[in-house]
Amino acid sequence: MRPVNAALWAAAILMGLQLSSSSPNFVDLSSKNLSSVPSDLPETVEFLDLSCNHIQQLHQGDFKSTPLLRFLNISWNNLEGIDPETFLDTPLLEDLDLSHNRLTNLSGQRYLLHTENLRVLNLTCNNFLTMTLGSEFSSLVKLENLALGAPNISVGDFKNIAQVKLRTLTLSLEDQLNYTPGSLKDVNAKRLQITFSRYQKIDIHVVDDALSLFAEVELMDLTDHYGDLSQQLSERKEILTSHLYLTNISINWDDLTHFVKAVLHTSISHLSASDVAMSKLPYIDTVVTYTSQMESFTASRAVVTTFFFSQEAVYNFFINLPVKRLVINETSIIHMTCPGSQSPIRELDFSYCAMSDSIFTTADATGIKECMNLGNLTKLNLTGNSLKSLQRLSQRVQYMTSLQDVDLSFNSLTYDGLTECIWPPKITNMTLASNSLTDSVFKCLPKGTETLDLQNNQISVIPSSILKLGNLKSLNLNSNRLRDLPECNGFPILSELLLRSNSLNTPSVNNLESCPKLKTLDVSNNPFACTCALKNFISLGVRSEMKKSLTGIELVSWPVDYCCSYPDNVRDSTLKDTQIPEVSCNVGLLATAILCPAIAVIIVVVTACHHLDVPWYMGMIWQWTRAKHRARMRQVRPEDLAGIEFHAFVSYSQHDADWVHNSLLPNLEGPAGGLRICRHEKNFVPGKTIIENIIGCVEKSRRSVFVLSAHFVKSEWCHYELYFASHQRLAWGSDSVVLVLLEPLPQYLIPSKYYQLKSMMGRHTYLEWPQDTKKHRLFWANLRAALQTDLPDAPVTGLEE
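Remember, it's a predicted structure, so these values are computed and weren't measured experimentally. (Residues numbered from 1 in each chain as written. Predicted model: local features only at pLDDT ≥ 70, side-chain atom pairs only at ≥ 80, totals over all residues. Heavy atoms only, no water.)

1. Re the overall build of the chain
For step 1, the next point in the chain: The secondary structure content of the chain amounts to 16 helices and 35 strands.
For step 2, the next point in the chain: The burial tally for the chain puts 49% of its 801 residues in the buried class.
For step 3, the next point in the chain: Restricting to contacts in the chain with at least 6 residues of sequence separation, those with at least 24 account for 63%.
For step 4, the next point in the chain: With an accessible surface of roughly 38,200 Å², the chain has 53% of that area assigned to carbon and sulfur atoms. (Helix = DSSP H or I, 4+ residues; strand = E, 2+ residues; numbered from the N terminus. Buried < 20%, exposed > 50% of the residue type's maximum accessible area, 1.4 Å probe, protein only. Contact = heavy atoms within 4.5 Å. Areas by Shrake-Rupley, 256 points an atom, 1.4 Å probe, with all protein chains shown as cover.)

Right, here's the structure in full:
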């Protein structure tokens, strides 16, 4: 396939292929060895590729099942005839490629009468003898791109498309071209593309008509005869063409420079060359004229086929062109020199080359000289190069005093923050996207910047001590590493802040208070943590959507692109639809919600416990448990119990004798308690003094039980018994004395001589006799547990009642 046809093919279907190649709307049947159009095409097909098959005829009904068909490619078949009714069933057809077939008559393409919606028609490389278009072409009122080819072109051939406003007419010229001057005067098109066969000689009449009739002329596939073209340009006085394009050409250096010089002396405003193969490059500089009417020169995708030449001589030719706009892109040049004198260039575009940090400099014996001859430059584009140091770039452009727009995106720029950056004073737009810049970049920016693009870098925070950018209005920090909204202390009039795809979890809305002029804010596609800290930000989004934001801030892409990433139960939910309970965020409400029920429960429990005497029961159970524990833990040796006959000696007042005989002893002695109790009326030995009997009873008892009451503290003998028992505690320990409080006994009622009793009541827990009969069983169990001890068998001495 020739380059022109490939270009037309790509232009016609690129978007359709990209959008539909993976869907049922696109059917690719190319190179399937087909001899006819398949009858089982899906009804939904919009893009159909039947190229590179063996289809010779198109018949009525071939496309009856494809009413939605918009693009049809039947190139590179053996197509000889097309039935006039072929496209009756495809009213939406917009793009038809019939190139590289065997059609023979351009004046008999009656099938076009049913293709009134055609926008692109390619009929190149068929067997047409003449370029005479039939009347059916006049029906193609929507046609934009028309590609044709025939060896004979005469006046009047295009009269049937004179009323059709084409965007592009492509003429594929044959080797033996017979062209009549003026044949293109009936064509109403903005651009004329002329493709040449290999080594074909340029027809001066075609070129002459092209330059006289079309605003844009594109010459494709040229390989030779540039001298004739340069001479023709030099001899012309009037040229309508303002844009001249050279595409897919091979040219040596002398032909290229002569051609460019010839164009510089014409009224052509824009010269572009793409897909250029250059040979025989120079060793010395080529002289360039200093004045011209040409505004721009563009070279794209240029390659060099010469190995030995002077790169500086090549660079000097282009940088010294007297144009306002110079573009060299997608070309592997590593350097660009400085103009020899003050240059008229206002725009430089060296995007997607291989430029290094040494750009525009000149090295000599004295060192590196910065460029001072680009003082008229206002726009510099160095996107997609091999630039490393932002500080060095500021040095390279420091003398470009008119510079306003700088694009340094898609490089590998860094800044160490140690050396000062020197920028020209008029820079207002700075693009530094897709580099390796960190927080320190804010120390190396032009002070007058109004629009700053720093997206896709490694910025995590905007330092508080940054260079103040008093004119900054738009700041793009998309795709960085920021964790919170920045403050605007350094940007007092910032109106647009873009923070899409950062690391913001809970943006602090309070930081926006330092941004009084902010109108547009984009914080979409961040990993939001939908917790209490995010409530203010959600409120900002809701107010922004309702146009009620007090700050007047518009939140871009709200609410669709604002989703929760944490916690898991609301992951992927939009912030607007996420409910964060107020009670979980308000400390006062949370405390009230927790404490009020808790206090109520405590009051209920305390009341219930008080009503049911739970504290008393708990105290008694605790004492019983401690008694059992002491009994298990305390190891009493048999020899220590020698002479011990009783579990306890009971001391009480005679006024309390009834309680002792009727309640205490029955629950401790006998079958109920199983304890041996010593008491004075039963176990005192006659003939001995009372003191001797008290001492004897205390010594024969493992413990002493004192029944405390108001009468007890008034009894002299009870005092003696308590005195001797307290001395026994030194031998047996503190658990040898058990106090039973028969009635309340305030401390002030206890005489001072009972200091031992006061001491014991202050240090030891005593058993209180409960008035409630329901509590008696637990009282007796507790008392028995406190007195229980394994005693040796011993006879009981004393008087029997």
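There's more to say after this.
2. Some remarks on the state of the cysteines
For step 1, the next point in the chain: Per the stated rule, a full pass over the model turns up four disulfides.
For step 2, the next point in the chain: Here Cys338 pairs with Cys371 through a disulfide, and the sulfurs are 2.1 Å apart. Residues Cys338 and Cys371 are joined through a disulfide that is right-handed, its torsion about the S-S bond being 65 degrees. Here Cys338 is found in the loop between β17 (325-329) and β18 (347-349), whereas its partner Cys371 is found in the loop between β20 (367-369) and β21 (379-381), with 33 residues between them in sequence.
For step 3, the next point in the chain: A relative accessible area of 16% means that Cys338 is categorised as buried. (Disulfide = S-S within 2.5 Å.)

3. Points about the nonpolar core
In a soluble, globular protein the nonpolar side chains are often hidden away together inside.
For step 1, the next point in the chain: Ranked by internal contacts, the top residues of the largest apolar core, which has 168 residues, are Phe158, Leu169, Phe350, Phe442 and Leu521.
For step 2, the next point in the chain: Top contributing element to this core by residue count: helix α4 (residues 253-264), with seven residues.
For step 3, the next point in the chain: Ranked by size, the runner-up nonpolar core spans 23 residues in total, among them Tyr652, Trp659, Val705 and Leu767. (Core = buried A, V, L, I, M, F, W, Y, C linked by side-chain atoms within 4.5 Å.)

4. Examining the pairing of strand β16 (residues 296-304)
For step 1, the next point in the chain: Here eight bridges tie strand β15 (residues 270-279) to β16, and the two strands are oriented parallel to one another. Within β16, the residue paired with His270 across the bridge is Ser296.
For step 2, the next point in the chain: Each parallel crossover has a hand, and for β16 linked through helix α5 (residues 311-319) to β17 it is right-handed. (Pairing = 2+ DSSP bridges. Right-handed = clockwise from strand over helix to strand, strands pointing away.)

5. Quick notes on helix α7 (residues 535-545)
For step 1, the next point in the chain: For α7, the full list of buried residues reads Phe537, Ile538, Leu540, Gly541 and Ser544. For α7, the buried positions fall inside an angular range of 155 degrees around the axis, keeping them on one side.
For step 2, the next point in the chain: Residue Lys547 follows α7 closely and has a positive phi angle near 60 degrees. (Arc of directions from axis to C-beta.)

6. Considering the packing of helix α3 (residues 226-235) against α4
The angle between the axes and the distance between the axes are what describe a pair of packed helices.
For step 1, the next point in the chain: Packing of α3 against α4 leaves a shortest axis separation of 9 Å and a crossing angle of 15 degrees. The pairing of α3 with α4 is recorded here as roughly parallel in orientation. For the element pair α3 and α4, the recorded crossing hand is left-handed. Residues Tyr226, Leu229, Ser230, Leu233 and Ser234 of α3 pack against Asp255, His258, Phe259, Ala262 and Val263 of α4.
For step 2, the next point in the chain: Tallied by class, the residues present in the contact of α3 with α4 amount to six nonpolar, three polar and one charged. (Axes fitted to C-alpha atoms, helices over the stretch in contact; angles between N-to-C directions. Parallel < 35°, antiparallel > 145°, perpendicular 65-115°, else oblique. Left-handed = near helix turned anticlockwise from the far one by under 90°. Nonpolar A, V, L, I, M, F, W, Y, C, P; charged D, E, K, R; others polar.)

7. Some remarks on the sheet that holds strand β33 (residues 701-708)
For step 1, the next point in the chain: One open sheet accounts for five strands, arranged β32-β31-β33-β34-β35; its pairing is parallel. Since the sheet does not close on itself, it has two edges, and those belong to β32 (677-678) and β35 (767-768), each with one partner.
For step 2, the next point in the chain: Note: strand β34 (residues 737-741) against β35, two bridges, orientation parallel. Among the inter-strand pairings, Val740 is bridged to a residue of β35, identified as Leu767.
For step 3, the next point in the chain: Each of β31 (646-651), β32, β33 and β34 touches helix α10 (residues 657-668); the most contacted strand, β33, lies at about 145 degrees to it.
For step 4, the next point in the chain: Helix α16 (residues 776-787) contacts β31, β33, β34 and β35 of the sheet and is inclined by roughly 165 degrees relative to β34.

8. What to know about the packing of aromatic side chains
For step 1, the next point in the chain: What the rule picks out here adds up to 18 aromatic pairs.
For step 2, the next point in the chain: What links up through ring pairs into an aromatic cluster is the set Trp253, Phe297, Phe317 and Phe318.
For step 3, the next point in the chain: Directly above the ring of Tyr245 sits Arg191, whose terminal nitrogen or CZ lies 4.1 Å from the centroid. (Phe/Tyr/Trp six-rings, centres within 6.5 Å; stacked < 30°, edge-to-face > 60°. Lys NZ or Arg CZ within 6 Å of the ring centre and 35° of its normal.)

9. Thoughts on the confidence of the model for the chain
For step 1, the next point in the chain: Residue-level pLDDT values for the chain average 85, and 86% of them are 70 or greater.
For step 2, the next point in the chain: Looking across the chain, the model is least confident in helix α1 (residues 3-20), with a mean pLDDT of 43, and most confident in β21, with 98.
For step 3, the next point in the chain: Note on residues 1-22: pLDDT is under 50 here. Beyond four places in sequence and across chains, it has 39 contacts. (pLDDT = per-residue confidence, 0-100.)

10. Considerations on the side chain of Ser651
For step 1, the next point in the chain: Within the secondary structure, Ser651 is located in strand β31.
For step 2, the next point in the chain: Judged by its relative accessible area of 0%, Ser651 falls in the buried class.

11. A word on the pattern of salt bridges
Two side chains of opposite charge can pair, provided their charged atoms sit close to one another.
For step 1, the next point in the chain: Following the criterion strictly, the structure yields 18 salt bridges and no others.
For step 2, the next point in the chain: With a closest N to O distance of 3.9 Å, Arg167 and Glu144 form a salt bridge. With Arg167 in strand β10 (residues 166-172) and Glu144 in the loop between β7 (120-122) and β8 (145-148), this residue pair connects regions lying 23 residues apart in the sequence.
For step 3, the next point in the chain: With a relative accessible area of 47%, Arg167 lands in the partly exposed category.
For step 4, the next point in the chain: Judged by its relative accessible area of 25%, Glu144 falls in the partly exposed class.
For step 5, the next point in the chain: Arg191 is the partner of Glu216 in a salt bridge, and the nearest nitrogen-oxygen pair spans 3.0 Å. (Salt bridge = Lys/Arg side-chain N within 4 Å of Asp/Glu carboxyl O.)

12. Some thoughts on unusual backbone geometry
For step 1, the next point in the chain: Cis geometry is found at the peptide bond from Trp558 to Pro559, where omega equals 0 degrees.
For step 2, the next point in the chain: When you line up the elements, Pro559 lands in the loop between β29 (554-555) and β30 (564-566).
For step 3, the next point in the chain: Cis peptide bonds are those with omega within 30 degrees of zero, and the linkage from Tyr566 to Pro567 qualifies with -5 degrees.
For step 4, the next point in the chain: Turning to its location among the elements, Pro567 is positioned in the loop between β30 and α8 (587-611).
For step 5, the next point in the chain: Unlike most non-glycine residues, Asn248 shows phi in positive territory, near 55 degrees.
For step 6, the next point in the chain: A positive phi angle, near 60 degrees, is found at Ser501, a position not held by glycine.
For step 7, the next point in the chain: Since its relative accessible area comes to 28%, Ser501 is described here as partly exposed.

13. Describing helix α2 (residues 204-213)
Residue pairs spaced three or four apart in an α-helix point in one direction, given the helix's 3.6 residues per turn.
For step 1, the next point in the chain: Looking only at α2, the buried set comprises Val206, Val207, Asp209, Ala210 and Leu211.
For step 2, the next point in the chain: Looking at the packing, one finds that the buried side of α2 touches β11 (178-179), β12 (189-195), β13 (216-220) and α3.
For step 3, the next point in the chain: At the N-terminal end of α2, a side-chain oxygen is found 2.9 Å from the backbone nitrogen of His205, two or three residues along, and the residue is Asp203. (Polar contact = N/O pair within 3.5 Å; in protein donor to acceptor, adjacent residues only side chain to side chain.)

14. Things to note about a nonpolar patch on the surface
For step 1, the next point in the chain: A surface patch of nonpolar side chains, about 610 Å² in accessible area, is lined by Tyr283, Ile284, Phe307 and Phe308.
For step 2, the next point in the chain: As for its placement among the helices and strands, Phe308 is situated in the loop between β16 and α5. (Patch = residues over 30% accessible without salt bridge, like charges linked within 9 Å, V, L, I, M, F, W, Y side chains within 5 Å.)

15. Focus on the side chain of Ser30
For step 1, the next point in the chain: Among the structural elements, Ser30 can be located in the loop between β1 (26-28) and β2 (47-49).
For step 2, the next point in the chain: Looking at Ser30, its side chain comes within polar contact range of the side chain of Asp28, at 2.8 Å.

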